[in-house]
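# An overview of the molecular structure
Here are the chains, one letter per residue:
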Amino acid sequence: MTIDPQTAAILDILNQPVADPPVEVTIIEARTGADALFTGFAGDKVATCETQDCQIPSPDGAVPVRIYTPPQAGDIPLPLVIFFHGGGWSLGNVAAYDSLVRALCVESNALFISVDYRLGPEHKYPAGLRDCRAVTNWALAQGTEIGVDPDRIAVMGDSAGGTLATVVAHQINRADPGRVKAQVLIYPVMDLSRPHDHYPSRMTFGNGEYLLSRDGIDAAENWYLSPSEDRNAPEISPLRQPDLTPLPPTLMVVGGYDPLLDETVQYHEDLQKAGVASELLRYEGTIHAFLSFGCLDIAREARRYIGAQLRRLLAT
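Note that the coordinates shown come from a computational prediction; the quantities given were computed from them, not determined experimentally. Numbering of residues starts from 1 in every chain and runs along the sequence as written. With the structure being a predicted model, the display of local features is reserved for residues of pLDDT at least 70 and the display and counting of side-chain atom pairs for 80 or more, all residues being used for whole-chain, interface and lining totals. Hydrogens and water molecules were not included; the side-chain quantities draw on all heavy atoms of the structure.

### Describing the environment of Thr250
Assignment of secondary structure puts Thr250 in strand 7 (residues 250-255). Under the relative-accessibility criterion, Thr250 is labelled buried at 5%. With 22 residues separating them along the chain, Thr250 and Gln272 place their C-alpha atoms 9.8 Å apart. Excluding residues that lie within four positions of it along the chain, Thr250 makes contacts with Gln183, Leu185, Leu271, Val276, Ala277, Ser278 and Glu279. Only DSSP runs of H or I reaching four residues or more are called helices, and only runs of E reaching two or more are called strands; each is numbered from the N terminus. The buried label goes to any residue with under 20% of its type's maximum accessible area, the exposed label to any with over 50%, and the partly exposed label to all in between, with areas taken from a 1.4 Å probe on protein chains only. A contact between two residues is defined here by any heavy atoms of the two lying within 4.5 Å.

Pasting the structure below:
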């Protein structure tokens, strides 16, 4: 397996030695760094989407969202994808993921709602999950107000957002079978219950030279979860879910140099064993978070493929 040259060039920049690195990175510093990373390598913005920032009501207070309308939208209700950004449940925001969501909106010709859910450590689990569930419930019940076809709604998330997406889909479809029509999980975090050495990909690719590190995963877990929280709970570690049959048709995407590769593959195989239609797309030459780096040819290729699959999964 050979790393993609464009991905390698980004890693060369990110892995430059830092003089006097901080002993411990604060949450504010981590957020600033994450925002700079995603905006710095975002590539050209797709300007053809119309966007609207608004707030969705929830039992815990209004949830900020950004609604994306594709350029081909007419008077016919469109499918909807509800997007949950990554960042270890503690970093990231709608603005940092704007370029990616714009591109996916255009490629799929679907409406998108990108959710600015509450983040840890200020808002520990399950605050962010509750926000994501509330926005999805609102879309299912009242999405027609923004031109949504309520029978064609999917959830999507990357990294920590992928965890949130599959938990939301499972909770909703368990209560109302088939309500969420599809899920797209992009290099998701599937397991916080086992040590890193349970997954060879975490040990091989998690030293820090391929962006995501084991230390980064640990920091995200500590920011997100209270010490007393049960890491075996399927709402935290979806690989612990005993019954996957409520889940909808699934597309999973992962890079070959991603520490989360093995758990992504395991979840895909578990879905198939449970009889859930699941497709796994492996981009062998690239890394965690690559889809956000719009300057990469491989990212633009993956965006086009995801868009085409959303058109298929959410077809009338």
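### Considerations on the sheet that holds strand 8 (residues 278-283)
At least two DSSP bridges between two strands are needed for those strands to be called paired. The strand order across the open sheet built from eight strands is 1-2-4-3-5-6-7-8, with neighbouring strands paired in mixed fashion. Each having just a single partner strand, strand 1 (50-56) and strand 8 make up the two edges of the open sheet. On average, each strand axis in the sheet is inclined to that of its neighbour by 20°, with strand direction left out of account. As defined by bridge partners, strand 2 (residues 63-69) adjoins strand 4 (residues 111-115) across four bridges and the pair is classed as antiparallel. Following the sheet pairing, Ile67 is matched in strand 4 by Ile113. Lines fitted to C-alpha atoms define the axes here, with helix axes fitted over just the stretch in contact, and angles between the N-to-C directions of these axes take values from 0 to 180 degrees.

### What to know about the pairing of strand 2
Among the seven residues of strand 2, five are classified as buried, and the element is accordingly described as predominantly covered. Here seven bridges tie strand 1 to strand 2, and the two strands are oriented antiparallel to one another. Residue pairing for strand 2: Thr51 is matched across the bridge by Tyr68. Once strand 1 ends, the chain turns through six residues before running back antiparallel as strand 2, passing Gly61 with a positive phi of about 115°.

### Details of the side chain of Arg31
Relative to the helices and strands, Arg31 is located in helix 2 (residues 27-40). Here a polar contact means two N or O atoms within 3.5 Å. Within protein one must be a hydrogen donor candidate and the other an acceptor candidate, and residues neighboring in sequence count only if both atoms are side-chain atoms. A polar atom in the side chain of Arg31 sits 2.8 Å from the backbone oxygen of Ser90. In this structure Arg31 touches Ser90, Leu91, Leu119, Gly120, Pro121 and Glu122, once residues within four positions along its chain are discounted.

### Regarding the pairing of strand 4
Counting buried positions along strand 4 gives five out of five residues, so the element sits mostly inside the fold. Burial along strand 4 is two-sided: the face carrying Leu111, Ile113 and Val115 and the face carrying Phe112 and Ser114 are both buried. Note: strand 3 (residues 78-84) against strand 4, five bridges, orientation parallel. The residue of strand 4 that forms the bridge with Ile82 is Ile113. Seen with its strands pointing away from the viewer, a crossover is right-handed when the path leading from the first strand over the helix to the second is clockwise. Each parallel crossover has a hand, and the one from strand 3 via helix 3 (residues 98-108) to strand 4 is right-handed.

### Considerations on the packing of aromatic side chains
Only Phe, Tyr and Trp rings are paired, with Trp represented by its six-membered ring, and only when their centres lie within 6.5 Å; those with planes under 30 degrees apart are stacked, over 60 edge-to-face, the remainder tilted. On inspection of all chains with the given rule, the structure shows eleven aromatic pairs. Their ring planes at 10° and their centres at 4.4 Å tell us that Trp89 and Tyr224 sit as a pair that is stacked. Pair noted here: Trp89 is in the loop between strand 3 and helix 3 and Tyr224 is in helix 7 (residues 214-224), with a separation of 135 residues, a long-range link. Each member of the aromatic cluster is reached from another via a ring pair, and the members are Phe38, Phe41, Phe83, Tyr97 and Phe293.

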